[in-house]
Each structure stands twice: as structure tokens, then as C-alpha cells.
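# Coordinate analysis (summary)
Take a look at the letters that make up each chain.
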Amino acid sequence: MNSRQRVLNALNHKVPDRVPIDFGGFQSGIHKKAYLTLINYLGIEDELNFLDPIQQLARPCEQLLERFRADIRYISAKQFFAQDRHNKLNDEFGVPWTMQNEYQNYMHVSYHPLAEASTKDIEAYSFPKSHDKSYFDGIREKALKISDHASYALCTDTGGSIFEPCCNLRGTEKWFIDTKEEPDFCEALLDKVLEYWLEFYSGFLKETGDIIDIVMIGDDLAGQNGPLFSLEFYRNALKPRQRKLVSHIKSFTNARICYHTCGSCYEFIPDLIDIGIDILNPIQTGLKNMEPQKIKDEFGTKIALWGAAIDAQQLLLFSGPAQIKPHVRKNIEIFKSGGGYIFSNTHNIQFDVPPENIVALFDAAYEFGS
């Protein structure tokens, strides 16, 4: 099989020739420091280019993607950031981000524009408009070029985040209080964010909907031990808007929709299936209720699973290749059964992961994925 056939077989819950491998995306990427250390370790020459300045993710070169046998390539529309050497930027919702410490590891929100706003103030805020066709200049040609090269599966960057922009605009603490005390404010703000994404995907998918294979959307719904907010709020306020977004995307494309949420998201999985999500990422297997066999048994025939390679918070960072290889083998044996699985690290590879561990991770995926 070529890469695209391999990925689509897996997403159709069929057994491909081997488990598809994902590396280098917006939720399966690599921090700039780890990237530079890794390519030096492998003897690969490349300049540092940013995929995502907020997460400080490097854009991997093709030589490294081929070394790790990656089956997926990524495409993104024009970034709506006003940025200064990746140390300061404003995101598409006008939220300012800065590098806040001398280690230069990640960017953080430096100001919440709607921290003191009322429901009436939401209407006065300058929300972005994404219907301008110039946002998508050249995107079709770029998508065709990627999809024609070696028949890779093509995935979008991560968009469609309805909940997290509200936290950034309001401030996380205030937003969570609002979910209990100011539900009308929350719903008004959620509607504005949803409006942006509906416009965005109308423009983006008119250009690329017949080419791409996977649309990645997401919000972090959970923490280490379970939901970040009540299921009641999710089902009354967020879920109906997510359903509307998913339906809107599917009206433009036959691409599968992958939903990204970190944390122990077990309680949300039936709801995500219900609104039409096809794939769940990244499956943090070391957390409460996220054990590999449990997730595979309960949901493996209902939704494709993407990630789940290893305990990235502990094992990938603090162990060595000898411990990584059997761990990866065990997880792959569980998840690859019957198809419906794409291998990737459990979220992005962080700045201090040793290069030999990264190599062991992806070599094990290839060795045991057949």
C-alpha cells in the first residue's frame, strides 16, 4: 500500500499492510529544541522553520519524515498572526502571546482582552472575519502538490476550537466561573467563536475539500483525572455548537474529522461519537479511565484511535530505548487489532526528550506495526 491507502484503510477499520505512522503535525509534532538535537543525532542538515510558534514546534524536513516512515502530511491556511520573531504574536482572535521566560520554550497568553467584559461588550469586540478569499490564496495548489507527492494522506492543521479561545479571551479562571454563574455570557461568546469557524471552513474547504483526507479540530475537554467542566455545561452549551460545526464541515468534504482533546476524556467519547467525530486523538493512556485495552474494547469499532504510542509524560522522557520498545509493542498489539488505529506519540515531543528515545519510538512503530 502507499501511505494514503494505508491511512484510509485504517480509518475504515480495515487492516492495512502496517499501522500508519504520524509524525510532525500540530498535535504530533516536535519542539524546536528536541528537533535540533534529533537531526544532529541522525546526521541530518536542516534549518529551523516553525510549524507553530505558540507551541514552538519545528516544521520537520522531508528527510526526517521519510526516516520515520510518516504516512501523513499537513497543510494549513494562511496564519492570521501578527508576530515578531516568534517572541510576540497576536492570534486570530486578537489575543496577545509572548515568550515569558528566559528558557524560550513556549508562548503564553499575556493579556485577556475580554477579562472585564459583559455580555453586551461581546458585540463591541472586534472578532475576526475569515471570509476574505485572500486567506486561502494558493492553498489549493499547495494541497494538490502534497497529495500528488508519493500519495501521502493529507491532514489539516488543528482548527475548530470553540471552547479554548473563550478561555484565552476571558481568562481561564473567569471562564470556568462563568460556566456556573454567567451561562448567557458563555453562550454569547461561544456563538461568536463558532461563527468564525463556520466562515473559515466554508472558505478553506471550498478550496481543499475534495483533496484532503482528514480535518483536525479540537478543544481540550479534560485534565489528568477527568473533565475540566461539568458534563451538563458541555451537553447544553458546547456540544450543540460542536455538532453544528461538524455538520458544516461534512457538507463540504468527505474527509474524516479527527477530534483532539488532551486528558482523561473517557466521559466525553460517547458524545463525540454522537456528533459525528470519526477519529479521536491523542489517547493519553497513562491517565484515569484511558487504559489501552479499555478504550479499544469500548470504542475501537465506533471511532478510530490516533496516538496512544507511549506514556509521553514519564516513560518517553525518563526511560531509555530498552524500556520504550516493549511498551510500544504492547500498545500497538492492542490498538492495531481490526484496524482503526494510527500510531503517533501521545501529543507533541517536548524539548527535553532524548533523541535516542525518539528514534526508538518510531523504529518500534515500524517494527511491530505489520
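Now for a look at the structure at hand. (Residues numbered from 1 in each chain as written. Predicted model: local features only at pLDDT ≥ 70, side-chain atom pairs only at ≥ 80, totals over all residues. Heavy atoms only, no water.)

## Quick look at the overall build of the chain
- Secondary structure assignment for the chain yields 14 helices and 13 strands.
- Its C-alpha radius of gyration of 20 Å places the chain within 12% of the 21 Å reference for a compact globule of 370 residues.
- Taken along its principal axes, the extent of the C-alpha atoms in the chain is 60 × 45 × 40 Å.
- Scored against the burial criterion, the 370 residues of the chain give a buried share of 58%.
- Working note: accessible area of the chain is about 15600 Å², and carbon and sulfur atoms make up 47% of it.
- Across the chain, the centroid of the 39 positively charged side chains sits 4 Å from that of the 50 negatively charged ones. (Helix = DSSP H or I, 4+ residues; strand = E, 2+ residues; numbered from the N terminus. Rg over C-alpha atoms; globule rule 2.2 N^0.38 Å. Buried < 20%, exposed > 50% of the residue type's maximum accessible area, 1.4 Å probe, protein only. Areas by Shrake-Rupley, 256 points an atom, 1.4 Å probe, with all protein chains shown as cover. Lys, Arg positive; Asp, Glu negative; His and termini not counted. Charge placed at Lys NZ, Arg CZ, Asp CG, Glu CD.)

## A look at the packing of aromatic side chains
- Applying the stated criterion across every chain yields a total of 28 aromatic pairs.
- Residues Phe163 and Phe229 carry aromatic rings whose centres are separated by 4.9 Å and whose planes lie at 55 degrees to one another, so their mutual orientation is tilted. Of this pair, Phe163 sits in the loop between strand E8 (153-159) and helix H6 (164-170) while Phe229 sits in the loop between strand E9 (214-218) and helix H9 (231-250), and the two are 66 residues apart along the sequence. Of the two residues, Phe163 and Phe229, neither departs from the other in class, the shared state being buried.
- Look at Phe335 and Tyr341: their rings are 5.2 Å apart centre to centre, the planes differ by 20 degrees, and that puts the pair in the stacked class. The residues Phe335 and Tyr341 share a single accessibility class, namely buried.
- Over the ring of Tyr366 we find Arg69, and its NZ or CZ is 3.7 Å from the ring centre.
- If you follow Arg73 out to its NZ or CZ, it ends over the ring of Tyr152, 3.6 Å from the centre. (Phe/Tyr/Trp six-rings, centres within 6.5 Å; stacked < 30°, edge-to-face > 60°. Lys NZ or Arg CZ within 6 Å of the ring centre and 35° of its normal.)

## Notes on unusual backbone geometry
- Cis peptide bonds are those with omega within 30 degrees of zero, and the linkage from Asn281 to Pro282 qualifies with 10 degrees.
- Along the polypeptide, Pro282 turns up in the loop between strand E11 (279-281) and helix H11 (292-299).
- One non-glycine residue, Gln56, adopts positive backbone phi at about 55 degrees.
- Its place among the elements puts Gln56 in the loop between strand E1 (50-52) and strand E2 (57-58).
- One non-glycine residue, Ile283, lies in the positive phi region at around 60 degrees.
- Inspection of the secondary structure puts Ile283 in the loop between E11 and H11.

## Here we look at the nonpolar core
- Counting 107 residues, the largest nonpolar core has Tyr201, Ile217 and Phe343 as its most contacted members.
- Of the residues forming this core, the biggest block, 13 residues, is contributed by helix H8 (residues 183-208).
- Counting 16 residues, the second-largest nonpolar core is a separate cluster that includes Val7, Leu11, Ile279 and Ile342. (Core = buried A, V, L, I, M, F, W, Y, C linked by side-chain atoms within 4.5 Å.)

## Quick look at the packing of helix H7 (residues 172-181) against H8
- Where H7 meets H8, the closest approach of the two axes is 6 Å, and the angle between their N-to-C directions is 115 degrees. Contacts between H7 and H8 involve Trp175, Asp178, Thr179, Lys180 and Glu181 from the former and Pro183, Phe185, Cys186, Leu189 and Leu190 from the latter.
- Split into classes, the residues belonging to the contact of H7 with H8 amount to 6 nonpolar, 1 polar and 3 charged. (Axes fitted to C-alpha atoms, helices over the stretch in contact; angles between N-to-C directions. Contact = heavy atoms within 4.5 Å. Nonpolar A, V, L, I, M, F, W, Y, C, P; charged D, E, K, R; others polar.)

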